[in-house]
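Here is how the chains run, residue by residue.
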Amino acid sequence: MAERLLEAIGLNAAYAGYDGREVQAVDNCSVYIDEGEILGVAGESGCGKSTLGAVLSLTTRPPLYVKSGTLRIDGKEQELGHGVKIPREWRGEVVSLLPQGALNSLSYTAKISSLVVDVMRAHDPSIKKDEALDRARDRMKAVGLPPRALDSYPHQLSGGMKQRVITIISTLLNPRLLIADEPTSALDVSSQRALVEMLREMLNQRIMAGVIFITHDLPLLKSISDRIAVMYAGQIVEVGAAETIAERPWHPYSAALLNAVLAPEPETLTKKVFAIQGSPPSLVAPPPGCRFHPRCGLEMDICSEKEPSPRGDHMRYSKCWWTQQNPTTPINLDDVLGFKAKIDDVRDESLVAAIDHVAGPVVTAEAPTKEVS
Amino acid sequence: MRFSSRFYFALSLVLLVLVFVIVGPLIWSVDPNASIGGLFDPPQGVGSLILGTDNEGQSVIANLANGARTSLLVGLIAGIVATTIGLTIGLIAGYAGGLTEEILMGMTNIALAIPSIVVVILLSVALPQRNMVTLALIIGITAWPWTARAVRAQATSVRTREHIEVAKMSGAGFWSILGWDVLPYLLSYVVMAFVLQVSGAILTESSLSMLGLGPSNIVSIGMMLNWALAWGAVRVGAWWAFIPPTVLLSLIAFSLLLLQSSLDEVFNPRLRRGKKIKPVAIPAGQATRQEDYISPHSDGAAVGASTLLSAEAALGNDNAGAFADTPVPQERGEH
Amino acid sequence: MDALLEAKDLTKVFGHRNNEVRAVDNVTFTLPKKTITAVVGESGSGKSTLARLVLGLLPITSGSITFDGKDVTRLGAHDRAVYWRDVQAVFQDPFAAFNQFFTVERLLNRSLKLVPDKAEGSARREEALGHVGFKVEDVIKKHPHELSGGQRQRIMIARALMMRPKLLVADEATSMLDASLRVNVLNVLTDLRDKLDTTVMIITHDIGQACYLADQMLVMEHGVMVEQGPTKEVVFNPQHRYTKQLLADVPKLHGDLGEVPVA
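Residues numbered from 1 in each chain as written. Chains lettered and ligands numbered in written order. Predicted model: local features only at pLDDT ≥ 70, side-chain atom pairs only at ≥ 80, totals over all residues.

Focus on the overall build of chain A
Note the cut-off: A helix here means a DSSP run of H or I that spans at least four residues, while a strand means a run of E at least two residues long, and both kinds are numbered starting from the N terminus. With C-beta atoms placed from the backbone, a residue is buried if 20 or more other C-beta atoms are within 10 Å of its own, exposed if 12 or fewer are, and partly exposed between those counts. A pair of residues counts as a contact when their C-beta atoms, built from backbone coordinates, are within 7 Å of each other.
Secondary structure assignment for chain A yields 13 helices and 12 strands. Burial statistics for chain A: of 373 residues in total, 51% are counted as buried. Within chain A, contacts between residues separated by at least 24 positions form 66% of all contacts whose residues are at least 6 apart in sequence.

Quick notes on the overall build of chain B
When helices and strands are tallied, chain B shows 12 helices and zero strands. For chain B, the share of sequence-separated contacts (at least 6 apart) that also reach a separation of at least 24 residues comes to 65%.

Examining the domain arrangement of chain A
Residue and element names in this part refer to chain A. Quick reminder of the rule: Residue ranges labeled as domains rest on an automatic or database domain assignment. In this classification, the charged set is Asp, Glu, Lys and Arg, the nonpolar set is Ala, Val, Leu, Ile, Met, Phe, Trp, Tyr, Cys and Pro, and all remaining amino acids, among them Gly, are polar.
Considered domain by domain, chain A is made up of domain 1 (4–241) and domain 2 (266–359). For domain 1 versus domain 2, the separation of C-alpha centres amounts to 32 Å. Taken together, the contact between domain 1 and domain 2 spans 17 residues of the former and 13 residues of the latter. Going through the elements one at a time, β2 (22–34) and β10 (235–241) are the ones with two or more residues in the side of domain 1 that touches domain 2. Among the elements that make up the side of domain 1 that touches domain 2, the one with the highest residue count is β10 (six residues). Grouping the amino acids of the side of domain 1 that touches domain 2 by side-chain chemistry returns eight nonpolar, six polar and three charged.

Describing the environment of A170(C)
All names here are of chain C. With respect to the helices, strands and loops of the structure, A170 is situated in strand β7 (residues 167–171). Separated by 88 residues in sequence, A170 and V82 have C-alpha atoms that sit 20 Å apart. Residues in contact with A170, not counting those within four places in the same chain, are V90, L189, V200, I202 and I203.

What to know about the sheet that holds strand β9 (residues 227–232) of chain A
Residue and element names in this part refer to chain A. Note the following rule: Only strands that DSSP links by at least two bridges are regarded as paired with each other. Angles run from 0 to 180 degrees between N-to-C directions of axes, and those axes are lines fitted to C-alpha atoms, restricted for helices to the stretch in contact.
Taken in spatial order, the eight strands make up an open sheet running β6-β7-β8-β3-β9-β10-β12-β11, and their pairing is mixed. At either end of the open sheet lies a strand with only one pairing partner, and these are β6 (95–98) and β11 (311–313). In this sheet, neighbouring strand axes are inclined to one another by 20° on average, regardless of whether the strands run parallel or antiparallel. Here β6 runs beside strand β7 (residues 177–181); their pairing, made up of four bridges, is parallel. Bridging from a neighbouring strand, V95 pairs with L177 of β7.

Re the interface of chain C and chain A
Contact residues are listed per partner, giving 35 residues for chain C and 36 residues for chain A. For the side of chain C that touches chain A, the elements supplying multiple residues, two or more each, are α4 (118–131), α7 (179–196), α8 (207–213), α9 (231–236) and α10 (241–249) of chain C. Examining the composition of the side of chain C that touches chain A, we find that six residues originate from one element, α7(C), more than from any other. Residue composition of the side of chain C that touches chain A, grouped by class: 15 nonpolar, 12 polar and eight charged.

A word on the sheet that holds strand β9 (residues 216–221) of chain C
All names here are of chain C. Pairing is mixed in the open sheet, where six strands are placed in the order β6-β7-β8-β3-β9-β10. Strands at the two margins of the open sheet, each flanked by one partner only, are β6 (87–90) and β10 (224–230). Averaged over all pairs of adjacent strands, the angle between strand axes in this sheet comes to 15°, irrespective of strand direction. Across six bridges, β9 lies against β10 in antiparallel orientation. Of the residues in β10, the one forming a bridge with Q216 is P230.

Here's the deal with the environment of G17(A)
Take G17(A): it is sitting in the loop between β1 (4–16) and β2. In this structure, the C-alpha to C-alpha distance between G17(A) and R91(A), residues 74 residues apart in sequence, is 26 Å.

As for the pairing of strand β1 (residues 3–14) of chain C
Residue and element names in this part refer to chain C. Relative to strand β2 (residues 21–32), β1 is paired through eight bridges, and the arrangement is antiparallel. Within the sheet, the bridge partner assigned to V13 lies in β2 and is R22. Counted along the chain from β1 to the antiparallel partner β2, the turn is six residues long, and its residue G15 has a positive phi close to 85°. The sheet contact formed by β1 and strand β4 (residues 62–67) spans five bridges and is antiparallel. Within β4, the position partnered with T11 by the bridge is S62.

Re helix α1 (residues 5–27) of chain B
Note the following rule: What a helix should span is 1.5 Å times the count of its residues minus one. The quantity called bend is, for any residue, the angle between two axes fitted respectively to the seven residues ending at it and the seven beginning at it.
Taking 1.5 Å as the rise per residue, α1(B) with 23 residues should run 33 Å; its terminal C-alpha atoms sit 31 Å apart, in good agreement. Maximum bend of α1(B): about 30°, positioned at V21(B), with proline P25(B) one to four residues after it.

Some details on the packing of helix α2 (residues 60–96) of chain B against helix α3 (residues 98–113) of chain B
Residues and elements named next belong to chain B. As a reminder of what qualifies: By convention, the crossing between two helices is left-handed when the near helix turns anticlockwise from the far helix through less than a right angle, and right-handed when the turn is clockwise.
The geometry of α2 relative to α3 is characterised by a closest axis approach of 7 Å and an angle of 145° between their N-to-C directions. Of the two possible hands of crossing, α2 and α3 adopt the one that is left-handed. Of the residues in α3, those in contact with I89, I92, A93 and A96 of α2 are G98, T100, E101, L104, M105 and T108.

Overview of unusual backbone geometry
Of note, the phi angle at L58(A) is positive, near 60°, even though the residue is not glycine. Of note, L58(A) is situated in the loop between α1 (49–56) and β4 (64–73). C-beta crowding within 10 Å serves as the criterion here: with 19 such atoms nearby, L58(A) is assigned to the partly exposed category. Located in the positive-phi region is N26(C), a residue other than glycine, with phi close to 50°. Tracing the sequence through the fold places N26(C) in strand β2.

Overview of the confidence of the model for chain B
Residue and element names in this part refer to chain B. As a reminder of what qualifies: Every residue is assigned a pLDDT by the predictor, reflecting its confidence on a scale from 0 to 100.
Taken over all residues, the pLDDT of chain B has a mean of 76, while the share at 70 or more is 79%. The secondary-structure element of chain B with the lowest mean pLDDT is helix α12 (residues 306–310), recorded at 25, while helix α6 (residues 145–159) shows the highest, at 93. Within the model, pLDDT remains below 50 along residues 274–335, and this stretch shows 146 contacts once partners closer than five positions in the same chain are excluded. Across the interface, the model reports ipTM at 0.83; the global pTM reads 0.76.

A short note on the packing of helix α6 (residues 149–161) of chain C against α7(C)
Residues and elements named next belong to chain C. Using the following cut-off: Orientation is classified from the angle alone, with under 35 degrees giving roughly parallel, over 145 giving roughly antiparallel, 65 to 115 giving roughly perpendicular, and any other angle giving oblique.
At a minimum axis separation of 9 Å, α6 and α7 run at an interaxial angle of 15°. The angle between α6 and α7 places the two elements in the roughly parallel class. Considering how the two elements wind past one another, α6 and α7 form a crossing that is right-handed. For the pair α6 and α7, contact is made by G149, G150, Q153, R154 and I157 and by L181, N184, V185 and V188, respectively. Across the contact of α6 with α7, the residue classes tally to four nonpolar, four polar and one charged.

What about the environment of A241(A)?
Positionally, A241(A) belongs in strand β10. Between the C-alpha atom of A241(A) and that of S152(A), which follows or precedes it by 89 residues, the distance is 40 Å.

Re the nonpolar core
Heads up, the condition is: In plain words, the nonpolar core is the set of buried Ala, Val, Leu, Ile, Met, Phe, Trp, Tyr and Cys residues that C-beta atoms within 7 Å link up.
If you look at the biggest cluster of nonpolar residues, it comprises 259 residues, and the most contacted ones within it are I212(A), V169(C), L189(C) and I202(C). When residues in this core are grouped by element, the largest group, 17 residues, is from α2(B).

Quick look at α2(B)
All names here are of chain B. Given a rise of 1.5 Å per residue, 37 residues ought to cover 54 Å, and the 52 Å separating the end C-alpha atoms of α2 matches this to within 8%. A large share of α2 lies buried, amounting to 29 of its 37 residues. The first or second residue beyond α2 is G97, which carries a positive phi of 70°.

So, in structure tokens, the structure goes:
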């Protein structure tokens, strides 16, 4: 039975905008991850997944403020919030962040080895240069990377190699948890695969005890994660084992996202995919109740009144009124995508007809809508 | 556009100078050429002798106010001339590329290599009559090369952008693209270059006048300095004859340069330092992670945030983040 | 099916002698009328360069392109303008492709220089916007920063449609869009083929997307076209080592990494 590695409960973080307005980017999220596990965080742009990564790795900076939350790791507990001081060792040694676009931030005129020394010295100023480099070289050899990459300049390495080297560097201090934010978006598929396999290898060797992998790419997540958390509009709407979510999603948004995945598989040749109507809500004033309800074809009255309570346990749950009330019925995608003319909450048949007239009857008999946003 | 405090400070300095130049001659309305006192009379009172008299017994303050006006006008005209020439050459060279660019830049480099002060002096000496406008033109005609180079560099970088290709494929012609697709993207840069040109021209005019090559019929700050030097104000210790013009000249140059650097912050969002306390100024669309498309460079400076831009509701809904249900539920559902 | 565009031994070389880079190396292919062709490859494969050669935005080093029976390999400025009435493009970056100072109206009107009649111009605008799912009054006065990424790409397609082109080249048109927004743009491309008889050439690194959209697939590696054929064949019965490796490395929803999909 795997040990619980990290519990993060009730995380709230917001961006302070001008005029005192706040953008509630992470809204009451709770994350649980066991040792040896890769937890994937999926969602589209603006859902708050990168912000969640920043909060969990304790690297938030103004204008992003953590309003509240509790982190429990290795028996130690840390409250988060405005004005709370984070112990220095936590950052980098307990939780380490591999930020988005890290491979582009390497200094062009310095060898990789100088970055290694800088990182090690930031946490232990007395460490000798050779010592730091030896540790890095051993690490590289352990996962099968050529140690001479450390003596290269960034432009001499390919994108994939750079990203792998940076991943090693971000784990030099032996963090318990590594949070990787979109580590593969700029990489080719083959480099992506190499990085993913390297992360698995690092976990096997217990270089770190767990990984949180943040990306918008669902098939990638499914291939690497043990469990996946789906985020929408700052909230976690569903969590579960990767296989389970892929086969039996418990939330209409997850179902729609999965449907929009295009992979080289036989179904792709024949299926017809449609977009979710509308667009993600404003996080300054999100919709009442369930945040997905304005775009959801399965919407019921209660959805716009109360926020859904979670159904399931904290390793597998979803927040949706409809699935709560229909626990055994699989989610029908046609219903979610709302082929009953949901346009900005106005259910007006004449409006549908007018739009169809201008837009042209583009679709076949069973799917009469286009995105109207 | 968000203006920083630095901008407001610079703007107020510039306005201060302008007020002095416009209102000064009305307050101290004595004719600057009239002798109102003895040789180098020290300052007294608040009337036309507030800064004493110069070597010809003329009121220093009156000369200063009128002279500053001249200097500013020369600076403005020269600035317009130089910026126009530099912009045109740089724009065409940068966008057209190829042989056109080589020829235009070649000309520019030659013009740049010739010491402009020498040319200005020679031209000034050659002219029989030097009035304000001809002086301004001469200065403008010799000051454009650096603007041309800078504008060309900017235009070259705009040339490779995608919207130019889209414009070409829409059938737009050379001049249409130049005017509508390239120039608007350079305008902020050109404004800043213009401010620098004005500042530079004022200083050049002062140098010329100090050398005795200034406008022959009216007073300028440089002329005042010329007289002060030539007629021994320094030796005599008549500080009021040369310190005030120097201070005013420095103030003008400084305020223009400060204005220029604060404009840079306005036009280039990445330089903004923002406030230290919350709420922090966030320019529309930036840094709220609300981009609705994935930027491969992920530098956060992309625009998107159509949802934030269109959000009209006030921040009333406070419980959107609050401590509602925790996700450790009491009920156990089926898996 | 007759061919709209035929490319033979198309080559593009950058640089000289020791520094030369063969971005596109002797590529031969055909674009049949009323089809969607996908050019698939990773970064550095030369696919974007190929797109620009086809569009006439880059000069060709050697080889030939025939469009609708006419040789369009080397075009003077005037001929190129004519070519651009039949061939249009949508690019990758939905923000950089717009002049941020223009409204949608301005953007679309630019293409109307050749249409002297105002009423006809206005009708074309309405038609083009309609094809991508917009009502004219909803977007015509907007600036790019007031539109979302997906909307901008669709406006770009509408701009391309103003000329009623025979060939539309979409260069990574959806890579910067979220998965759920992407779908709308992709569906528009399919509709263009089905309803307007437009031939479409999409450039993408996303083999899944190519699988969804394309009738024919061309796979490129380092400037060389390593495999081409009907999509079903290329994806589910790949012949070349590179294609097989590409398919194996792509994560799929069903099945693991390392497996080549089987139909």
